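Structure at a glance
The primary structure of each chain is shown beneath.
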Amino acid sequence: MLNYAMMPLQKYAQFTGRSGRAEFWWYCLALLILNLVVQTVDQMISGGPGILTGLVSLALFIPGLAVAFRRLHDTDRSAWWLLISFVPLIGFIVLIVFWASAGTPGPNRFGEAPAAAPTA
């Protein structure tokens, strides 16, 4: 499970190819937990969002965007679909449905299917 969460960091700025559901959702969960921890530490240190929260967000923005691209590619959708998130409320719901959808079996126009499970 930790391997899935670390895969987007290993593919830091790789916007091509495909990512499976496990890779995407485990990364999202790890990011949520990390953000909660960092914000709690910042709150204790400075009484509000501080430099640590900003640095972590900045460092993890590119891999988060890349894994979102690759997840859409796995469902045979262009990464341009991320722009639908600018439609209030409905856009983000549509993206969640896309991200939760099963990927296309076998190769598609974005490449081969992602590996079933990472090795330790």
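None of the values given here were measured: they were computed from a predicted structure. (Residues numbered from 1 in each chain as written. Predicted model: local features only at pLDDT ≥ 70, side-chain atom pairs only at ≥ 80, totals over all residues. Heavy atoms only, no water.)

1. As for the nonpolar core
Counting residues in hydrophobic clusters, the biggest one holds 12 residues: Phe24, Tyr27, Val38, Val56, Leu60, Val67, Ala68, Leu72, Leu82, Leu95, Phe98 and Trp99. For this core, the secondary-structure elements that each account for two or more residues are α2 (21-46), α3 (51-74) and α4 (90-100). Residue contributions to this core peak at 5 residues, all from α3. Not counting residues up to four positions away in its chain, the partners in contact with Val67 are Pro8, Ser19, Glu23, Phe24 and Tyr27. (Core = buried A, V, L, I, M, F, W, Y, C linked by side-chain atoms within 4.5 Å. Buried < 20%, exposed > 50% of the residue type's maximum accessible area, 1.4 Å probe, protein only. Helix = DSSP H or I, 4+ residues; strand = E, 2+ residues; numbered from the N terminus. Contact = heavy atoms within 4.5 Å.)

2. What to know about the environment of Trp25
Along the chain, Trp25 turns up in helix α2. Counting along the chain gives 58 residues from Trp25 to Leu83, while the straight-line C-alpha distance between them is 20 Å. Here Trp25 is in contact with Ile96, Trp99 and Ala100, once residues within four sequence places are set aside.

3. Observations regarding helix α1 (residues 2-10)
When we look at burial in α1, the residues that qualify are Tyr4, Ala5, Met7 and Pro8. Projected down its long axis, α1 carries its buried residues within an arc of 145 degrees, all on one side. Turned more than 90 degrees away from the buried face of α1 sit Leu2 and Gln10, all of them exposed. Buried positions along α1 lie against α2 and α3. (Arc of directions from axis to C-beta.)

4. Focus: the pattern of salt bridges
Under the definition given, this model contains 5 salt bridges. The closest approach of N and O atoms between Arg18 and Asp74, which form a salt bridge, is 2.7 Å. With Arg18 in the loop between α1 and α2 and Asp74 in helix α3, this residue pair connects regions lying 56 residues apart in the sequence. Grouping residues by exposure puts Arg18 and Asp74 together as buried. In this structure, Asp74 engages Arg71 in a salt bridge whose closest nitrogen and oxygen atoms are separated by 2.6 Å. Of the two residues, Asp74 and Arg71 are both situated in helix α3; the distance of 3 residues between them amounts to about one turn of the helix. Look at Arg71 and you get buried, because its relative accessible area is 0%. (Salt bridge = Lys/Arg side-chain N within 4 Å of Asp/Glu carboxyl O.)

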